[in-house]
Amino acid sequence: MSSTYLGMPGRPVFGDGNLHATEAFPTAARRELGNAQLRANLGHATHTIRDKRLRVVAELPDWEELRDAGSAIKESVMARLPELLEEFEANFTARGGKIHWARDAAEANKTVRDLIRDAGADEVVKVKSMATQEIGLNEYLEEQGIAAFETDLAELIVQLDHDKPSHILVPAIHKNRTQIRDIFLREMPDVDPGLTNNPARLAEAARVHLRRKFLSAKVAVSGANFAIAKSGTLAVVESEGNGRMCLTLPETLITVMGVEKLLPSWQDLEVFMQLLPRSSTGERMNPYTSLWTGVTEGDGPQNVHLVLLDNGRSAALADEMGRSALHCIRCSACMNVCPVYERTGGHAYGSTYPGPIGAILSPLLTGITSEENASLPYASSLCGACYDACPVKINIPEILVHLRAEDVDSRRGTRKTPGQMDVAMKAASWAMGAGRRMALAEKALPLGKLAAGPDRKIKKLPGIAAGWTQSRDIPAPPAQSFRDWWGKERGKSAPGENAPTITRQKEKE
Amino acid sequence: MKIALFATCIVDAMYPSTARATVSILERLGHTVVFPAGQACCGQMHMNSGYFPEAVPVVRNHVEAFEAEDYDVAVAPSGSCVASVKHQHAMLARTIGDADLETRANAVGARTYELSALLTDVLGVTDAAAELGSWYPHRVTYHPSCHGMRLLRLGDRQADLLRTVEGLELEPLPQADQCCGFGGTFSMKNADVSSAMLADKNANIAATGAGLCTGGDASCLLHIGGGLSRQGSPISTLHFAEILASTRDNPAPAPDRIGSAAGISGKAGR
Ligand code: SF4
């Protein structure tokens, strides 16, 4: 893969922005696990969406074929991304849109700021966008004296609470209704002091609050779910219609989109319009789908910009095993079924992208450079639920294992003394590399009895195994391994001599 | 049929009675069991922890051990080890660019079966009581482990066999498809999350009212049983092979035994 294939020479290999954890996953997870309210909210919410998704997915007899189609389309897009990007650029530009290439978060942020300043604005409305969260746009604009107002209800809640989203689809999944009412009462000027935690009342309060913003904003910032190369069209799917207000009311519309969102043609969109809503919200169809192609005189935004973001995507693309992580359509199905996410929530992952996809995407985009991000691929029991749920069939467990290997390899030889795990794995590799060495190792196992109490249980182990005995016992190993027993009882007889010792029940009858 | 037994490292070292139960079941059906002596481990632990170079000799050893013996099919009483043999071995060979090993690993993988899959799909067993004399008069609940369920797509094979054991009452496990939190080294590296997953699993097991939890992976049962034992729960764990091997004449340990030490009794299944 040449480093200039996107026409952007000298790009950095890896991305930056809100993709880095600031502490290792086990530490962050331990803290989040201590929050009982969070666990209750998360457990309830993920199980509700999970069940809904299963119901609507079961309605489609061709769901597996749709997944295959989605996966195949994405694979072909990744294989010819450069030419599709060029095709898209030509069509988008021909229709009056302007393209800006951004190699990383800093470049993208600066481009958006300049465009806002050029429009003479100091505030913008925003439709929920993962890409702008990834680059930390809101924080950057604030530093630059530009106020960005989130218009997606959940995103608004998180913003008003000065919190971070913890789920890509339901950013406020970790908050309940009462907590939301308290945030509104505290942060919204002119809010009805008698506001209750009734969902309709909460939505109404948000609507009143947002209407003023929509009517005054000159500039809107959005993300995009898909881009169609053939016509230069962008697409946003959403549930509330607030996004559509952003996309149609202001004079200037700035979209920030990762380069991987491209689709060749409208026909391909059909597949994803079935896969996405069912996988994400458990709906047959999402309430609002907005598509726009360039500028139409006298109708909608007259200045249409697109910032095409790399930020580590070309690095991920260069990773043959990890590449398919870029197929992700951000539906969040994987996090809703993940037993680890369900208990820790999104903040433990430290990146814009939490859950199983975050555990592979963040280190792929940034490289396994920091100890914190290198801990992410281990945040999984490899139960495989994410792979089963993923509408584009990203084999997340396989990529997790691939990244673990990359992490282990990156540390090889860099340490003066190898870690406990390194030593244990080497020793086990030696023992397990031959039956006779394994037999030898097993002979030592009954010594484990020494560590066991009178109840034949081991309750405390040292070192890396200490975590196990924090909540689990281990039975004392038996005196004789199976191999040993077989050798003594059966070893001497040739195969085939072991006539059945018990007559088959059927024959007895 | 000549069947090669892959005992798996955990079963071989910690739960020999599960391997003996497996032998007993197959011999009762009139088959010959051989034990390739060179076998040691599938290497799953190394691969899943990212130690690919260390996994290579382990995988190579498994392939060589099972090539050396002459047999029709191989069997292991473990969904995750069979999944490793079937899927991971060839992948590792590909990663290190060893096309010869890849071909050989695929050949061994293709004729390796998880126990319930062998019994159901190859040997056509549909009624454990009638065909194996299985007798286990206890209330039991069943945990389908992730690798058997998702990587091997075993479906209801294990549970269906259990249902046909004479005297056995199978209590449905709430949220059965949820991971128990073992995940190999995950239970050490992310011990807190793993413990939280285990706590929920064990609460669901307790809610069934069964005195014993069974399943098809010794490692998950070691984890679940270890947690139950630490809680002082009277519920124990036992591999489903030992339940199938249990007969009126030679019953497997009863579920009223305290603790997790599944299969400590050397008598099971013989
Ligand atoms: S990885 Fe798959 S399941 Fe997860 S968010 Fe992306 S598309 Fe959805």
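About the cut-offs
Residues numbered from 1 in each chain as written. Chains lettered and ligands numbered in written order. Predicted model: local features only at pLDDT ≥ 70, side-chain atom pairs only at ≥ 80, totals over all residues. Heavy atoms only, no water. UniProt positions renumbered as here; feature names shortened; annotations may be inferred. Helix = DSSP H or I, 4+ residues; strand = E, 2+ residues; numbered from the N terminus. Domains from an automatic or database assignment. Contact = heavy atoms within 4.5 Å. Buried area = accessible area lost by both parts, 1.4 Å probe. Near = heavy atom within 4 Å. Nonpolar A, V, L, I, M, F, W, Y, C, P; charged D, E, K, R; others polar. Buried < 20%, exposed > 50% of the residue type's maximum accessible area, 1.4 Å probe, protein only. Pairing = 2+ DSSP bridges. Patch = residues over 30% accessible without salt bridge, like charges linked within 9 Å, V, L, I, M, F, W, Y side chains within 5 Å. Areas by Shrake-Rupley, 256 points an atom, 1.4 Å probe, with all protein chains shown as cover. Salt bridge = Lys/Arg side-chain N within 4 Å of Asp/Glu carboxyl O. Expected span 1.5 Å × (residues − 1). Core = buried A, V, L, I, M, F, W, Y, C linked by side-chain atoms within 4.5 Å. Axes fitted to C-alpha atoms, helices over the stretch in contact; angles between N-to-C directions. Parallel < 35°, antiparallel > 145°, perpendicular 65-115°, else oblique. Left-handed = near helix turned anticlockwise from the far one by under 90°. pLDDT = per-residue confidence, 0-100.

- Where an unreviewed UniProt entry is consulted, chain B appears under the name (Fe-S)-binding protein, with the organism given as Arthrobacter zhangbolii.

- By the naming in an unreviewed UniProt entry, chain A is LutB/LldF family L-lactate oxidation iron-sulfur protein, taken from Arthrobacter zhangbolii.

What about the UniProt feature "domain: Cysteine-rich" (unreviewed entry) in chain B?
All names here are of chain B.
Stage number 1. UniProt's entry tags residues 3-85 and 140-224 with the feature "domain: Cysteine-rich" (unreviewed entry), counted in the numbering of this structure.
Stage number 2. With 58% helix and 12% strand, the stretch residues 3-85 has end C-alpha atoms that lie 16 Å from each other.
Stage number 3. Strand forms 13% of residues 140-224 and helix 48%; the C-alpha atoms that close the span are 14 Å apart.

What about the domain arrangement of chain B?
Residues and elements named next belong to chain B.
Stage number 1. Taken as a whole, chain B is organised into domain 1 (2-121) and domain 2 (126-265).
Stage number 2. Distance from the C-alpha centre of domain 1 to the C-alpha centre of domain 2: 22 Å.
Stage number 3. Taken together, the contacts link 29 residues of domain 1 with 27 residues of domain 2.
Stage number 4. Between domain 1 and domain 2 lies a buried interface of about 2200 Å² when both sides are counted; carbon and sulfur atoms form 63% of it.

A word on the site of the ligand
Stage number 1. Taken together, 13 residues lie near the ligand, and Cys328, Cys331, Ser332, Cys334 and Cys390 of chain A sit nearest.
Stage number 2. The class makeup of the residues in the shell around the ligand is eleven nonpolar, one polar and one charged.

A short note on the pairing of strand S3 (residues 73-76) of chain B
Residue and element names in this part refer to chain B.
Stage number 1. Side chains Val73 and Val75 of S3 all project onto a buried face; the interleaved residues Ala74 and Ala76 project onto the opposite face, where all are buried too.
Stage number 2. Pairing of strand S1 (residues 2-5) with S3, which is carried by three bridges, proceeds in the parallel orientation. Within S3, the position partnered with alanine 4 by the bridge is alanine 74.

Quick look at a nonpolar patch on the surface
Stage number 1. Taken together, the side chains of Leu215, Met245 and Leu249 of chain A make up a nonpolar region of the molecular surface, amounting to roughly 300 Å² of accessible area.
Stage number 2. Position of leucine 249 of chain A among the secondary structure elements: in the loop between helix H11 (242-248) and strand S7 (252-258).

Structural notes on helix H13 (residues 218-231) of chain B
Residue and element names in this part refer to chain B.
Stage number 1. A rise of 1.5 Å per residue sets the reference length of H13, with its 14 residues, at 20 Å; its end C-alpha atoms lie 20 Å apart and thus fit the reference within 8%.
Stage number 2. The element H13 is extensively covered by neighbouring structure, given that twelve of its 14 residues are classed as buried.
Stage number 3. Considered for burial, the residues of H13 that qualify are Ala218, Ser219, Cys220, Leu221, Leu222, His223, Ile224, Gly225, Gly226, Gly227, Leu228 and Ser229.

Notes on the UniProt feature "domain: LUD" (unreviewed entry) in chain A
Stage number 1. Within this numbering scheme, the UniProt entry marks residues 85-307 of chain A as carrying the feature "domain: LUD" (unreviewed entry).
Stage number 2. Across residues 85-307 of chain A, helical content stands at 43% and strand content at 21%; the span's end C-alpha atoms are separated by 12 Å.

Points about the nonpolar core
Stage number 1. Of all hydrophobic cores here, the largest spans 146 residues; its most connected members are Phe184 and Ile360 of chain A.
Stage number 2. Counting residues domain by domain, this core receives three or more from each of domain 1 (2-121) and domain 2 (126-265) of chain B.
Stage number 3. Look past the residues within four positions of phenylalanine 184 of chain A in its chain and what remains in contact with it is Leu153, Ile157, Leu160, Val191, Leu195, Leu202, Ala205 and Ala206 of chain A.
Stage number 4. In terms of nonpolar packing, the next biggest core, distinct from the first, is built from 61 residues, Met14, Tyr15, Ala21 and Ala245 of chain B among them.

Things to note about the packing of helix H20 (residues 420-431) of chain A against helix H4 (residues 52-68) of chain B
Stage number 1. Orientation of H20 of chain A relative to H4 of chain B, taken along the N-to-C sense of each, is 15°, at an axis distance of 8 Å. If you check the angle between H20 of chain A and H4 of chain B, you find them roughly parallel. Considering how the two elements wind past one another, H20 of chain A and H4 of chain B form a crossing that is left-handed. Contacts between H20 of chain A and H4 of chain B involve Met425, Lys426 and Ser429 of chain A from the first element and Glu54, Pro57 and Val58 of chain B from the second.

A word on the confidence of the model for chain B
Residue and element names in this part refer to chain B.
Stage number 1. For chain B, mean pLDDT is 92; residues scoring 70 or higher make up 94% of the total.
Stage number 2. Below pLDDT 50 for its whole length, residues 257-270 participates in 39 contacts with residues either more than four positions away or in separate chains.
Stage number 3. Confidence estimates for the predicted assembly give a pTM of 0.91 and an ipTM of 0.93.

Thoughts on the pattern of salt bridges
Residues and elements named next belong to chain A.
Stage number 1. Tallying each qualifying case throughout the model produces 48 salt bridges over all chains.
Stage number 2. One salt bridge connects glutamate 64 with arginine 67, and the closest N-O pair in it is separated by 3.0 Å. Here glutamate 64 pairs with arginine 67, and both are found in helix H3 (residues 63-79), just three residues apart, close to one helical turn.
Stage number 3. What makes arginine 67 buried here is its relative accessible area of 6%.
Stage number 4. Between arginine 181 and aspartate 182 there is a salt bridge whose closest N-O contact spans 3.1 Å.
Stage number 5. Connected via shared salt-bridge partners are Asp161, Asp163, Lys175, Arg186 and Glu187.

What about the confidence of the model for chain A?
Stage number 1. Across chain A, the average pLDDT comes to 89, with 93% of residues at 70 or higher.
Stage number 2. Contacts of residues 493-509 of chain A to residues separated by more than four positions or lying in other chains number 28 contacts, the stretch itself having pLDDT below 50.

Some thoughts on the sheet that holds strand S7 (residues 212-215) of chain B
Residues and elements named next belong to chain B.
Stage number 1. Judged by pairing direction, the sheet is parallel, and its four strands sit side by side in the order S6-S5-S7-S8 without closing on themselves. Bordering the open sheet on either side are strand S6 (169-171) and strand S8 (236-239), each of which pairs with just one other strand. Direction aside, the axes of adjacent strands within the sheet are offset by 40° on average.
Stage number 2. Pairing geometry for strand S5 (residues 139-143) and S6, over three bridges, is parallel. Bridge pairing links valine 140 to leucine 170 in S6.

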